[in-house]
Amino acid sequence: MTLPKPTLEDIEIQLLLEGVYQYYGYDFRNYALSSLKRRIQSFIQLEGLANISALQEQLLHNRAYLERFLLGLTVNVTSMFRDPSFYNALRNQVIPFLQTYPFIRIWHAGCSTGEEVYSMAILLQEEGLYHRCRIYATDTNEKVLQTAKSGIFSLKLMQEYTQLYLKAGGKRSFSEYYTAAYDNAIFRTSLRENVVFAQHNLATDSSFNEFNIIICRNVLIYFNQVLQKRVHELFYNSLCNFGLLGLGKQESIRFTPYERHYEEIAKGEKLYKKIAGA
């Protein structure tokens with residue numbers, strides 16, 4: 001079987017990604033190609049560049065240019081209490097299980113600007129567990145981590161987030177968790193007390209702890225099969241026995257080498273429990 005000949009655009013993208021990896025250490029070589037193409041071309045048009053080779057020249061000679069490129073390349077679409085049924089499943093089926101542990105470690109991998117991290121912190125506070133939790137919130141992009149650390153989001157979003165919070169089984173007035181200041185909502189510092197924000201690259205970095213829960217939602221869909229397999233291995237090795245893995249709506253452990261090592265605990269919510277000794 002003869003493989004299709006790569007296009008000039010494909011070759012340029014491969015050279016670009018290899019250069020970024022070799023020079024800066026950011027590895028996007030196993031991201032889904034179709035999605036990468038769209039984002040790279042969009043960035044080129046925004047910057048007024050002639051082609052991908054011109055982009056590569058700018059990136060390898062200008063570190064500041066790289067920061068803008070990383071923001072354009074990584075997908076940072078998120079919200080608080082996104083998919084409320086997922087958080088209802090956490091409240092009703094996961095919290096009772098967590099209450100048996102004296103200390104709980106949670107990893108939010110690919111946390112972006114942190115909205116889902118704050119959602120988890122709010123849920124844990126309401127269920128009386130936050131004081132014995134440590135949440136590790138990681139992302140490859142330092143810029144979005146700075147936003148997450150600040151806990152400051154647009155006030156315009158709060159009406160939408162309030163509705164999602166209520167649908168997710170929220171037990172208080174959502175406005176109790178933030179202070180309005182001009183056009184911003186500044187979330188309580190208490191929600192960050194047990195959160196560690198740090199850079200971590202799922203494509204290249206290894207495990208750094210053992211966790212009771214790993215949440216990585218709507219990240220794997222941007223990876224190709226090679227990188228997805230690597231990340232699933234990383235998560236499996238990072239979970240304790242009976243640890244829980246939460247994925248996005250369009251993601252699954254099916255057809256991965258680890259499918260038989262988990263059991264689904266919330267139908268349709270992509271919440272899985274690691275089976276001991278599987």
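In what follows, the structure referred to is the one given above.
What counts and how
- Residues numbered from 1 in each chain as written.
- Predicted model: local features only at pLDDT ≥ 70, side-chain atom pairs only at ≥ 80, totals over all residues.
- Heavy atoms only, no water.
- Helix = DSSP H or I, 4+ residues; strand = E, 2+ residues; numbered from the N terminus.
- Polar contact = N/O pair within 3.5 Å; in protein donor to acceptor, adjacent residues only side chain to side chain.
- Contact = heavy atoms within 4.5 Å.
- Buried < 20%, exposed > 50% of the residue type's maximum accessible area, 1.4 Å probe, protein only.
- Pairing = 2+ DSSP bridges.
- Right-handed = clockwise from strand over helix to strand, strands pointing away.
- 1 Å grid on protein atoms, 1.4 Å probe; cavity = no way out; pocket = protein on both sides within 12 Å on 5 of 7 lines; lining within 4 Å.
- Points joined across faces, edges and corners; volume = space filled by probe spheres on them.
- Nonpolar A, V, L, I, M, F, W, Y, C, P; charged D, E, K, R; others polar.

## Things to note about the side chain of D27
Within the fold, D27 resides in the loop between α1 (8-24) and α2 (33-47). A distance of 2.9 Å separates the side chain of D27 from the side chain of R29, its partner in a polar contact. Excluding anything up to four places from it in sequence, D27 contacts Y21, N201, A203 and T204.

## Observations regarding the pairing of strand β8 (residues 239-247)
In terms of burial, β8 is a largely internal element, seven of the nine residues being buried. Of the pairings in the sheet, the one linking strand β7 (residues 211-216) to β8 comprises five bridges and is parallel in character. Bridging from a neighbouring strand, C216 pairs with L247 of β8. Taken together, β7, helix α9 (residues 225-238) and β8 constitute a β-α-β crossover, and its handedness is right-handed. Where β8 meets strand β10 (residues 271-274), three bridges bridge the pair, whose relative direction is antiparallel. When the bridges of β10 are listed, L245 appears paired with Y272.

## What to know about the layout of surface pockets
Of the pockets and cavities examined, the second largest pocket occupies roughly 240 Å³. The wall of the second largest pocket is formed by 13 residues, among which Q228, H232, S252, R254 and T256 lie closest to the centre. Looking at the lining of the second largest pocket, its residues break down into four nonpolar, six polar and three charged.

## Focus on the environment of T147
For T147, the location among the structural elements is in helix α7 (residues 142-150). For T147, a relative accessible area of 31% gives the class partly exposed. As for T147 and D205, which are separated by 58 residues in sequence, their C-alpha atoms are 22 Å apart. Sequence-distant contacts of T147, defined by excluding residues within four places in its chain, comprise T113, I152 and F153.

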